[in-house]
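An overview of the molecular structure
Read off the chains here:
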Amino acid sequence: MGSSASVVVTDVTVYTEQGWASGEVVVRDGVVVALAAGPEHADLPRFDGGSGYLLPGFVNTHTHLQQAVLRGVGEGLPLLEWLRCVGEHTVAATPEQTYLSALAGGLELLRSGVTTVVEHLWPNPSDEIHQAMIRALDELGIRVVLGRGIADRADSTRKWGLDPRLLQPLDEALAHVDALDKQLVGTRITTALAVPNPRCLTPDGMAAAREYAGATGKMVSIHLLETTTDEDMCRLHAGTGAVDYLDASGFLWDRTLAVHCVNLDAAGRAVLAERGVTVSYNPVSNMRLGSGVAPVPQMLAAGIDVTLGVDGAASNDTQDMLLALRLGAFLQRAAHRRADLLDAHQMLRMATGAAGRAVGGPTHTGIAVGDRADLTLVRFDRDFACLPVLDPGATLLTAASPRVIDTVWVDGEAVLRDGRSTRVDADDLTQRLIRMR
């Protein structure tokens, strides 16, 4: 990537596995090669961090970027009615709407310190929709795990299957993933499989998807137990609970990313832990839709890797990872009536290294030599409401907003500088979004 992927970030306090420490971060060819510059790095350009705080870029493990133009839709509706409302918009989405939505949502993620996003696309037979999404994400420069939606059971009520208008034969959908893989070589976008929920795949469909994912090493993202609907419908139609329904077809393994898990009981937690499943915790969405409080402390105690997601803007209304970080901790503290739950270090682990095994990134918390240079520079002096800084982790968790995100690097390239995209004209995007009304 040339010189833009090599830099020495100076005058920063660096977040490492051991905590915060003053220093520098040396990046060469998109990789962190040292935490202090030496004579051998004299040829590299310098970036003055302005006494800011440098940490790994956040990993948002769940969103639906098509929904960034649906903020506020279905407000106040229960989940199944909300899903039908959003589903109508999903069916009607055009490539241009998808492109602008992904561009807006992805830029908002970058502006809240996210460098990697797991995008969960609803199944859609249109290649044009997928190409519009890819075009936007490639322009942004963000790292993406693009979950291509799959399903093989149709049901217009969405209670036991997917909207038939979005369904296509499973073999065609998997062939499309193969084609996308060839197209995306050399980009920051890789593919995964995205399953709406356990109700949308038959046992035969699960077997086929599991075989394909195993052969290709792909992650599978699936909404699981966001409400009681998964459990109720699986028991009604399959005679077993949702976790056991998936497990019977081998659909829970160490490349499964289970999203929400609000209603995951102790038996289910034991299964997910034994299978090595990673969970994506989406606190703002769970509150917005009245889904409940995910048993995060219990999942952590069971040995499950719990990560952090913002969910789509139709169920969150923002793509603000810092908000998810804060409310993710505060929701658990309120539910358990304990102020000592989920401190800054634990939440930062959820937002960074906990996702590593699922998305193929670092599994540690903090910046380390050998990491990809996906970095976020926080400048608390960009917002007086964060000053003075007594504890940078506590300030980040309790007070920070996107106003303090100064620079974001992906592969050592500054894709956000001084809070603005270096690749996308935000003013032009704003005008195009206004004209969509």
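Keep in mind that this is a model prediction, so the values were computed, not measured.

Cut-off values and rules
Residues numbered from 1 in each chain as written. Predicted model: local features only at pLDDT ≥ 70, side-chain atom pairs only at ≥ 80, totals over all residues. Heavy atoms only, no water. Core = buried A, V, L, I, M, F, W, Y, C linked by side-chain atoms within 4.5 Å. Buried < 20%, exposed > 50% of the residue type's maximum accessible area, 1.4 Å probe, protein only. Helix = DSSP H or I, 4+ residues; strand = E, 2+ residues; numbered from the N terminus. Domains from an automatic or database assignment. Pairing = 2+ DSSP bridges. UniProt positions renumbered as here; feature names shortened; annotations may be inferred. Polar contact = N/O pair within 3.5 Å; in protein donor to acceptor, adjacent residues only side chain to side chain. Contact = heavy atoms within 4.5 Å. Salt bridge = Lys/Arg side-chain N within 4 Å of Asp/Glu carboxyl O. Axes fitted to C-alpha atoms, helices over the stretch in contact; angles between N-to-C directions. Left-handed = near helix turned anticlockwise from the far one by under 90°. Expected span 1.5 Å × (residues − 1). Buried area = accessible area lost by both parts, 1.4 Å probe.

1. Some points on the nonpolar core
- Counting 99 residues, the largest nonpolar core has Phe-251 and Leu-272 as its most contacted members.
- Per-element accounting of this core gives the leading share, eight residues, to helix H2 (residues 95–110).
- Here this core gathers at least three residues from each of two domains, domain 1 (7–56 + 367–421) and domain 2 (58–359).
- If you look at the next biggest cluster of nonpolar residues, it comprises 15 residues, including Val-9, Val-14, Val-32 and Ile-367.

2. Focus on the pairing of strand S4 (residues 46–56)
- Pairing geometry for strand S1 (residues 7–16) and S4, over six bridges, is parallel. Looking at the pairing, Val-14 lines up with Leu-54 of S4.
- Where S4 and strand S13 (residues 375–378) come together, four bridges link them in antiparallel fashion. Within S13, the position partnered with Tyr-53 by the bridge is Val-378.

3. Re the UniProt feature "domain: Amidohydrolase-related" (unreviewed entry) in the protein chain
- Within this structure's numbering, the places UniProt gives as "domain: Amidohydrolase-related" (unreviewed entry) are residues 53–415.
- Along residues 53–415 the backbone is 40% helical and 17% strand, and the end-to-end C-alpha distance reaches 18 Å.

4. Overview of the side chain of His-62
- The topology assignment puts His-62 in strand S5 (residues 58–63).
- Judged by relative accessible area, which is 0%, His-62 ranks as buried.
- Within the structure, His-62 has its side chain in polar contact with the side chain of His-223 (distance 3.1 Å).
- Not counting residues within four places of it along the chain, the set of residues in contact with His-62 comprises Val-118, His-120, Ser-221, His-223, Val-259, His-260, Ser-280, Asn-282, Gly-309, Val-310 and Asp-311.

5. Some thoughts on the pattern of salt bridges
- In this structure the tally under the stated criterion is 27 salt bridges.
- Here Asp-43 makes a salt bridge to Arg-28, at a shortest N to O gap of 3.1 Å. Here the residue Asp-43 occupies a position in the loop between strand S3 (31–34) and S4, and Arg-28 occupies one in strand S2 (residues 19–28), the gap between them amounting to 15 residues.
- The exposure class assigned to Arg-28 is partly exposed, which follows from its relative accessible area of 27%.
- Salt-bridge contacts for Arg-275 lead to Glu-274; the nearest nitrogen and oxygen are separated by 3.3 Å.
- Residue class for Arg-275 comes out partly exposed when judged on its relative accessible area of 30%.

6. Some thoughts on the packing of helix H3 (residues 127–140) against helix H4 (residues 170–183)
- Close contact between H3 and H4 brings their axes to 12 Å; oriented N to C, the two are set at 30 degrees. Here the hand of the crossing between H3 and H4 comes out right-handed. Contacts from Asp-127, His-130, Gln-131 and Ile-134 of H3 reach H4 at His-176, Leu-180 and Gln-183.

7. Quick look at H2
- The first and last C-alpha atoms of H2 sit 22 Å apart over 16 residues, in line with the 22 Å expected at 1.5 Å per residue.
- Every buried residue belonging to H2 is among Thr-98, Tyr-99, Leu-100, Ser-101, Ala-102, Leu-103, Ala-104, Gly-105, Gly-106, Leu-107, Leu-109 and Leu-110, and all of these are buried.

8. Quick notes on the sheet that holds strand S12 (residues 305–308)
- An order of S5-S6-S7-S8-S9-S10-S11-S12 is seen for the eight strands of this open sheet, with the pairing classed as parallel. Each edge of the open sheet is held by one strand with a lone partner, namely S5 and S12. Direction aside, the axes of adjacent strands within the sheet are offset by 25 degrees on average.
- Pairing of strand S9 (residues 220–224) with strand S10 (residues 256–260), which is carried by five bridges, proceeds in the parallel orientation. Opposite Ile-222, over in S10, you have Ala-258 as the bridge partner.

9. Quick notes on the side chain of Asn-60
- Mapped onto the elements of the fold, Asn-60 is located in strand S5.
- Within the structure, Asn-60 has its side chain in polar contact with the backbone nitrogen of His-62 (distance 3.2 Å).
- At 3.0 Å, the side chain of Asn-60 forms a polar contact with the backbone nitrogen of Val-310.

10. Some words on the domain arrangement of the protein chain
- Looking at the assigned domains, one finds that the protein chain contains domain 1 (7–56 + 367–421) and domain 2 (58–359).
- For domain 1 versus domain 2, the separation of C-alpha centres amounts to 29 Å.
- Contact residues are listed per partner, giving 26 residues for domain 1 and 28 residues for domain 2.
- Note on domain 1 versus domain 2: buried area summed over both sides is about 2,100 Å², and carbon and sulfur give 61% of it.
- Inspection of the domain 1/domain 2 interface yields four salt bridges.
- Put simply, Glu-413 and Arg-188 hold a salt bridge, and the shortest N to O gap is 2.9 Å.
- Counting every contact that joins domain 1 to domain 2 gives 10 residue pairs in polar contact (both at pLDDT 80 or more).

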